[in-house]
Amino acid sequence: MALKIQVTVDCAEPHVVADWWAAALEWEVEPQDSAFIQSMVDQGFARDADTMTHNGHLVWREGCAITSPDANMPRVLFQHAPEGKTVKNRVHFDLRMADGAEEGALEATRARLESLGAVYLHTASQGPHSWNTYQDPWGNEFCV
């Protein structure tokens with residue numbers, strides 16, 4: 001049986017980080033049903049402390065996910081973790097330019113990511129391949 005994969009990222013502010021990554025990847029933040037969440041609190045299945053308001057909507061405090069317009073891509077879940085990042089990521093995102101990307105696309109992507117708050121760290125290469133390494137606004141490394 002084939003398994004689907006979900007990538008989970010620990011972070012202090014799941015909804016804020018999900019918003020950033022959705023913008024960076026041009027994906028969508030999965031909507032959370034505020035009425036359903038409120039009904040879970042009203043029925044005693046959840047507590048007010050399990051919820052928060054983000055962008056004017058009642059959401060689950062512990063996590064938020066983003067999805068690609070391409071259904072074959074994995075879902076990415078951002079979940080609350082109180083401890084901060086202290087060392088280099090053991091797992092990171094490697095983003096690839098789409099096949100047939102126009103000349104200058106890598107530079108345009110760098111400019112767009114930096115405008116969103118990413119920090120360029122360095123360029124590396126192996127054989128004929130090269131990539132740029134960045135940090136998102138929370139210090140998590142990723143490559144393009």
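Each value, and the rule that gives it
Residues numbered from 1 in each chain as written. Predicted model: local features only at pLDDT ≥ 70, side-chain atom pairs only at ≥ 80, totals over all residues. Heavy atoms only, no water. Helix = DSSP H or I, 4+ residues; strand = E, 2+ residues; numbered from the N terminus. Buried < 20%, exposed > 50% of the residue type's maximum accessible area, 1.4 Å probe, protein only. Polar contact = N/O pair within 3.5 Å; in protein donor to acceptor, adjacent residues only side chain to side chain. Disulfide = S-S within 2.5 Å. Phe/Tyr/Trp six-rings, centres within 6.5 Å; stacked < 30°, edge-to-face > 60°. Pairing = 2+ DSSP bridges. Contact = heavy atoms within 4.5 Å. Axes fitted to C-alpha atoms, helices over the stretch in contact; angles between N-to-C directions.

### Describing the environment of Arg-75
Thought 1: Within the fold, Arg-75 resides in strand 6 (residues 75-80).
Thought 2: Classification of Arg-75 by relative accessible area gives partly exposed; the value is 30%.
Thought 3: Taking C-alpha positions, Arg-75 is 5.0 Å from Gln-6, a pair spaced 69 residues apart along the chain.
Thought 4: Of the polar contacts made by the side chain of Arg-75, one reaches the side chain of Glu-30; its length is 2.8 Å.

### What to know about the state of the cysteines
Thought 1: Counted by the stated rule, this structure contains 0 disulfides.
Thought 2: We note that Cys-11 lacks a disulfide partner, and the nearest cysteine sulfur, in Cys-64, lies 9.0 Å from it.
Thought 3: Between Cys-143, a free cysteine, and Cys-11, which holds the nearest cysteine sulfur, the sulfur-to-sulfur gap is 19 Å.
Thought 4: Given the relative accessible area of 10%, Cys-143 is considered buried.

### Some thoughts on the packing of aromatic side chains
Thought 1: Applying the stated criterion across every chain yields a total of 7 aromatic pairs.
Thought 2: Ring geometry for Trp-20 and Phe-142: centres 6.2 Å apart, planes at 65°, overall edge-to-face. You can see Trp-20 sitting in helix 1 (residues 14-25) and its partner Phe-142 sitting in strand 10 (residues 141-143), a full 122 residues away along the chain. Side by side, Trp-20 and Phe-142 carry an identical accessibility label, which is buried.

### Quick notes on the sheet that holds strand 1 (residues 6-11)
In a beta sheet, neighbouring strands are held together by backbone hydrogen bonds and run either parallel or antiparallel to one another.
Thought 1: With mixed pairing, 4 strands are arranged side by side in an open sheet as 1-6-5-2. For this open sheet the edge positions go to strand 1 and strand 2 (28-29), each flanked by a neighbour on one side alone.
Thought 2: As defined by bridge partners, strand 5 (residues 63-67) adjoins strand 6 across 4 bridges and the pair is classed as antiparallel. Within the sheet, the bridge partner assigned to Ile-66 lies in strand 6 and is Val-76.
Thought 3: Here helix 1 sits on the sheet and contacts strand 1, strand 2, strand 5 and strand 6; the angle it forms with strand 5, its principal contact strand, is near 10°.

By themselves, these figures tell us nothing about what the structure is for.
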